[in-house]
Amino acid sequence: MSQARDPGQNPPADARENAVGASMGEAYERFVEAGQGHVFRFWSSLSAEERDALRAQLESVDPARFVGILDRTRALAERELPDLEPAVVERHPARGGSQAGFDAAREAGEAELRAGRVAALVVAGGQGTRLGHPGPKGTFPIGPVGPRSLFELQASRIRGLERRHGRTVPWLVMTSPSTDAATRRFFEEHDHFGLGKGDVLFFSQGEIPCVDFEGRFLLAEPGRLATSPDGHGGVIGALARSGCLDALADRGITTLSYYQVDNPLLRIGDPVLIGFHVSANAEFTTKIVAKNDPAERVGSIARSEGRHLVIEYTEIREPHRSARDEDGELVHWAGGISAHVLDTGFLARAAANEAEWLPEHASAKKIPHVDDAGDPVVPDEPNGYKLERFVFDVLPHASRVSIVEALREEEYSPVKNALGGESPDTARAALSAHARRLLREAGIEEPPPGDWIELDPEWIDGAEDLRALGIRRYEDAPRSILLASGGTA
Ligand code: UTP
């Protein structure tokens, strides 16, 4: 390989310009001017197809946007947050909140669902590196008893919403170029889990070049930039560019229930959350749980200079990070679980202001690339940055915000790692333990301790559903209450 490629590090300027400039035209100038001319260093050794592919890839990149990018990402990570204070939260009734307030919110949310104004939106474009599953994360089998995948569980919840409220709840599924084909295939193979095929709308987020520690684009191959998905914040531009926002407007949908693909406990389309959102006429509503400890890897919802924001756990500094009140509770206790309700008009505004509202954040990663000889390098240590946008960066721009507490044991158990904390084991145990609690609450005799329990969320979302379905013994509902012995839950 190294012999076949011309590293072209110092080609005579004229020759290089003639060779590359003639066929790249104005794109060549743009990259050179932005200090990224090295992306053409293998040009003379690329085949016609490789040149076409590189040309097409570079068309979608604005190199000027990357001038000074590392200074900006550093400034963002180190920004001061004046007057930092905790956000005001609608507390859960089990933790001191108003039951009447939650009941009223549920009614308002149910009315919104019955009016057909709600769609679900999952961001499923991540690379799932830590989980290491060979396929999109949503295809991971997570059911503690049945082999239900994350997507299947979510589809069941959406079918449940549709059945309860008598309206279609379209499901927007954001993929990325590396997960798109496999995700669509999975849905086809499972007949869209019984949902209307036309009501599942796929769209792909964009990709963004990876840079080295000097901010220079890395090449994954001599004729291809190394790229990664542009972060869950890519959802906003992608929703607009894909035409999904227009499609939602055509269907009369104004309210999106946004969530991440990897939290199987989450109540998608939660009427309570939607109800608080519509009652407050909010543009951005978010669900939080109480943080376990300051080091927990979730962002905190707070206010700075009168505006709401999410501070990443990596960003919040002392004394705020571990500050406690007179009762010993964390001051910044409200941990974001990336479950939001978003107003589509606000999203359209955010898309129009994407460059300003959604800055890139950088995280150091090991990025496979080619060296100057064109040979592949798989680094052992981080060698550059992946750049990502975070959806919650639009929060300070929302004119009205609502924040609602949920119970961790009911709604949050993400699947991030292959083993240990936040893994399939902990999520399955949480699903099973939650199912056991619902049975108990409904007065149903519990399966033997140690048995795994899995509920079908299409039918059972709370103890009241068990009562309404007239289920008195778990044996009465063998299809919606699955059991397996030998677990620990
Ligand atoms: P994470 O940040 O946990 O990343 O994504 P991940 O890709 O799932 O896993 P790692 O970090 O590579 O191990 C949180 C949510 O945001 C989505 C993911 O699919 C997940 O639902 N996401 C993340 C995107 O949709 N696009 C991205 O570019 C990044």
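Here the structure is a predicted model, which means the values were calculated and not measured. (Residues numbered from 1 in each chain as written. Predicted model: local features only at pLDDT ≥ 70, side-chain atom pairs only at ≥ 80, totals over all residues. Heavy atoms only, no water.)

Caption draft 1: Inspection of the overall build of the chain at higher detail. Within the chain, the secondary structure is distributed over 15 helices and 21 strands. For 489 residues, the compact-globule formula gives about 23 Å, and the C-alpha radius of gyration of the chain, at 25 Å, lands near that figure. Along the longest, intermediate and shortest principal axes, the C-alpha atoms of the chain span 80 × 50 × 45 Å. The 489 residues of the chain split such that 53% are buried. Here the contacts in the chain between residues at least 6 apart in sequence split such that 74% fall between residues at least 24 apart. On the chain, roughly 21,300 Å² of surface is accessible, and the fraction owed to carbon and sulfur atoms is 48%. Charge separation in the chain, taken as the distance between the mean sites of 55 positive and 77 negative side-chain charges, equals 3 Å. (Helix = DSSP H or I, 4+ residues; strand = E, 2+ residues; numbered from the N terminus. Rg over C-alpha atoms; globule rule 2.2 N^0.38 Å. Buried < 20%, exposed > 50% of the residue type's maximum accessible area, 1.4 Å probe, protein only. Contact = heavy atoms within 4.5 Å. Areas by Shrake-Rupley, 256 points an atom, 1.4 Å probe, with all protein chains shown as cover. Lys, Arg positive; Asp, Glu negative; His and termini not counted. Charge placed at Lys NZ, Arg CZ, Asp CG, Glu CD.)

Caption draft 2: Spotlight on the environment of Gly146. Tracing the backbone through its elements, the reader meets Gly146 in the loop between strand S2 (118-123) and helix H6 (150-165). Setting aside its immediate chain neighbours within four residues, Gly146 contacts Glu454 and Leu482.

Caption draft 3: Local environment of the site of the ligand. In the region of the ligand, 19 residues are neighbours, and Val123, Thr129, Arg130, Gln205 and Lys416 sit closest. Within the contact set of the ligand, an oxygen atom lies 2.5 Å away from a side-chain nitrogen or oxygen of Thr129. The contact in question runs from an oxygen atom of the ligand to an N or O atom on the side chain of Lys137, over 3.1 Å. When the free accessible area of the ligand is taken as 560 Å², the share hidden by the protein chains comes to 88%. Across the shell around the ligand, the residue classes tally to five nonpolar, nine polar and five charged. (Near = heavy atom within 4 Å. Polar contact = N/O pair within 3.5 Å; in protein donor to acceptor, adjacent residues only side chain to side chain. Nonpolar A, V, L, I, M, F, W, Y, C, P; charged D, E, K, R; others polar.)

Caption draft 4: Examining the environment of Gly125 more closely. As for its placement among the helices and strands, Gly125 is situated in the loop between S2 and H6. The exposure class of Gly125 is buried, given its relative accessible area of 2%. Those residues in contact with Gly125 that sit more than four places away from it in its chain are Met174, Thr175, Ser176, Thr179, Gln205 and Pro229.

Caption draft 5: Just helix H11 (residues 344-352), in detail. Those residues of H11 that sit buried are Thr344, Phe346, Leu347, Ala350 and Ala351. For H11, the buried positions fall inside an angular range of 150° around the axis, keeping them on one side. Where the residues of H11 are buried, they touch helix H8 (234-241), helix H9 (244-250), strand S10 (255-260), strand S11 (284-290), strand S14 (334-343) and helix H12 (354-357). Put simply, Asp343 is the residue that caps the front of H11, since its side-chain oxygen is 3.2 Å from the backbone nitrogen of Gly345. (Arc of directions from axis to C-beta.)

Caption draft 6: Main features of the layout of surface pockets. When its volume is computed, the second largest pocket comes out at roughly 500 Å³. His92, Arg106, Arg267, Val272 and Glu410 are the residues nearest the centre of the second largest pocket, which is lined by 26 residues in total. A per-element tally of the lining of the second largest pocket places helix H5 (residues 99-114) first, with four residues. Considering only residue class, the lining of the second largest pocket consists of ten nonpolar, four polar and twelve charged. (1 Å grid on protein atoms, 1.4 Å probe; cavity = no way out; pocket = protein on both sides within 12 Å on 5 of 7 lines; lining within 4 Å. Points joined across faces, edges and corners; volume = space filled by probe spheres on them.)

Caption draft 7: Structural view of the sheet that holds strand S18 (residues 384-388). With antiparallel pairing, the three strands of this open sheet are ordered in space as S6-S18-S15. Each of the sheet's edge strands pairs with one partner strand only, and the pair in question is strand S6 (211-212) and strand S15 (361-365). (Pairing = 2+ DSSP bridges.)

Caption draft 8: Inspection of the packing of H5 against helix H10 (residues 271-279) at higher detail. Contact pair H5 / H10: the axes reach a minimum separation of 6 Å and the direction vectors enclose 90°. Of the possible angle classes, the one that applies to H5 and H10 is roughly perpendicular. Contact residues: H5 offers Gly101, Phe102, Ala105, Arg106, Ala108, Gly109, Glu110, Glu112 and Leu113, while H10 offers Pro271, Val272, Ile274, Gly275, Phe276, Val278 and Ser279. Residue composition of the contact of H5 with H10, grouped by class: nine nonpolar, four polar and three charged. (Axes fitted to C-alpha atoms, helices over the stretch in contact; angles between N-to-C directions. Parallel < 35°, antiparallel > 145°, perpendicular 65-115°, else oblique.)

Caption draft 9: How the structure looks around the packing of aromatic side chains. Scanning all chains against the criterion turns up 16 aromatic pairs. Summarising the aromatic geometry, the rings of Tyr28 and Phe40 are spaced 5.0 Å apart at their centres and angled 55° between planes, so their arrangement reads as tilted. Residue Tyr28 is located in helix H2 (residues 26-33), and its partner Phe40 is located in the loop between H2 and helix H3 (48-59); the two are separated by twelve residues in the primary sequence. By relative accessible area, Tyr28 is classed as buried at 4%. (Phe/Tyr/Trp six-rings, centres within 6.5 Å; stacked < 30°, edge-to-face > 60°.)

Caption draft 10: Local environment of the packing of H8 against H11. For the pair H8 and H11, interaxial distance at closest approach is 9 Å and the crossing angle is 100°. Classified by the angle between their axes, H8 and H11 sit roughly perpendicular to one another. Across the interface between the two elements, Ile236, Leu239 and Ala240 of H8 pack against Leu347, Ala350 and Ala351 of H11. Tallied by class, residues from the contact of H8 with H11 come to six nonpolar, no polar and no charged.

Caption draft 11: Expanded view of empty space enclosed by the protein. In the structure shown here, the tally under the stated rule is two cavities of 30 Å³ or more. In this structure, the largest cavity spans a volume of roughly 200 Å³. Around the largest cavity sit 17 residues that line it, and Arg157, Leu431, His434, Leu455 and Pro457 are the ones nearest its centre. Broken down by secondary-structure element, the contributors of at least two residues to the lining of the largest cavity are H6, helix H14 (424-441) and strand S20 (452-455). Its residues placed into classes, the lining of the largest cavity shows eleven nonpolar, one polar and five charged. There is about 50 Å³ of room inside the second largest cavity. Within the residue set of the lining of the second largest cavity, elements represented by two or more residues are S10 and S14. The residue makeup of the lining of the second largest cavity, split by class, is seven nonpolar, three polar and three charged.

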